[in-house]
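The residues making up each chain are set out below.
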Amino acid sequence: ANMFGDCEMVNTNEFENEPIFSVYPNPTEGILNIQLFDNQIINNPNFYLMDVLGRTIKVFNSQESTFNIFDVESGVYFLVLENEGKRFWRKIVKE
């Protein structure tokens, strides 16, 4: 259980701050490795890369734990994990 309890209602337009996954290396030249934290039970998460304007740049296969962003321009992005109506993000720097 998370520290907020299990009855919290979350608007799908809002992003959670709870750290449920990490991304490395960061900054990256093009490979993103995803590490879900051990205490998280996540069924069929959706991962996608978003730019600073909120546009979806790339959608990833959630079965993978390594994502390729070699074809993405250098800059700052957000890797978003969407699961059961909640969105969690990590800031990414692409070199």
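Remember, predicted model here, so these are calculated numbers, not experimental data.

K.L.:
What is the right way to look at the environment of Phe78 in this model?
P.N.:
With respect to the helices, strands and loops of the structure, Phe78 is situated in strand β7 (residues 75-83). A relative accessible area of 19% means that Phe78 is categorised as buried. Apart from residues lying up to four places away in sequence, Phe78 is in contact with Tyr48, Leu49, Met50, Asp51, Val52, Trp89, Arg90 and Lys91.

K.L.:
So what exactly am I meant to see when it comes to the side chain of Asn33 here?
P.N.:
For Asn33, the position within the fold is in strand β3 (residues 31-36). Here Asn33 falls in the buried class, since its relative accessible area comes to 18%. A distance of 3.1 Å separates polar atoms of two side chains, one belonging to Asn33 and the other to Thr66. Look past the residues within four positions of Asn33 in its chain and what remains in contact with it is Ser22, Val23, Tyr24, Pro25, Ser65 and Thr66.

K.L.:
Quick question: what am I supposed to make of the sheet that holds strand β6 (residues 66-68) here?
P.N.:
Strand pairing in a sheet is mediated by backbone hydrogen bonds. Such pairs are either parallel or antiparallel. Across the sheet, which stays open at both edges, the 3 strands sit in the order β2-β3-β6 with antiparallel pairing between neighbours. The open sheet terminates on both sides in strands that have one partner only, identified here as β2 (21-24) and β6. Mean inter-strand twist for the sheet, computed between neighbouring axes without regard to direction, equals 25°. Two strands pair when backbone bridges link them, and β3 and β6 are joined in this way by 3 bridges, in the antiparallel orientation.

K.L.:
Even after reading the chapter, I still don't get the packing of aromatic side chains, so can you show me in this structure?
P.N.:
Describing an aromatic ring pair means giving the distance of the ring centres and the angle of the ring planes. Overall, the coordinates contain 4 aromatic pairs when judged by the stated rule. Their ring planes at 80° and their centres at 5.7 Å tell us that Phe21 and Phe47 sit as a pair that is edge-to-face. Within this pair, whereas Phe21 is found in strand β2, its partner Phe47 is found in strand β4 (residues 46-51), the two being separated by 26 residues in sequence. The residues Phe21 and Phe47 share a single accessibility class, namely buried. Both rings, one in Phe60 and one in Phe67, keep their centres 4.3 Å apart while their planes meet at 5°; by these two values the pair is stacked.

K.L.:
When you look at the nonpolar core in this model, what are you seeing that I'm missing?
P.N.:
Across soluble globular proteins, nonpolar side chains have a tendency to be buried as a group. In this structure, Phe21, Phe47 and Leu79 are the most contacted members of the largest nonpolar core, which totals 17 residues. Residue assignment for this core shows that the elements contributing at least two residues are β2, β3, β4, β7 and β8 (86-94). With 3 residues, β7 is the largest single contributor of residues to this core. The contact partners of Leu79, leaving out residues within four places of it in the chain, are Phe21, Val23, Ile34, Phe47, Tyr48, Leu49, Phe60, Phe67, Phe88, Trp89, Arg90 and Ile92.

K.L.:
How do you make sense of the pairing of β3 when you look at a structure like this?
P.N.:
Successive side chains on a regular strand alternate, one facing one side of the sheet and the next facing the other. Here 4 bridges tie β2 to β3, and the two strands are oriented antiparallel to one another. For Phe21, the partnering residue across the bridge sits in β3 and is Leu36. The antiparallel pairing of β2 with β3 creates a hairpin that spans 6 residues between the two strands.

Rules of the game
Residues numbered from 1 in each chain as written. Predicted model: local features only at pLDDT ≥ 70, side-chain atom pairs only at ≥ 80, totals over all residues. Heavy atoms only, no water. Helix = DSSP H or I, 4+ residues; strand = E, 2+ residues; numbered from the N terminus. Buried < 20%, exposed > 50% of the residue type's maximum accessible area, 1.4 Å probe, protein only. Contact = heavy atoms within 4.5 Å. Polar contact = N/O pair within 3.5 Å; in protein donor to acceptor, adjacent residues only side chain to side chain. Pairing = 2+ DSSP bridges. Axes fitted to C-alpha atoms, helices over the stretch in contact; angles between N-to-C directions. Phe/Tyr/Trp six-rings, centres within 6.5 Å; stacked < 30°, edge-to-face > 60°. Core = buried A, V, L, I, M, F, W, Y, C linked by side-chain atoms within 4.5 Å.

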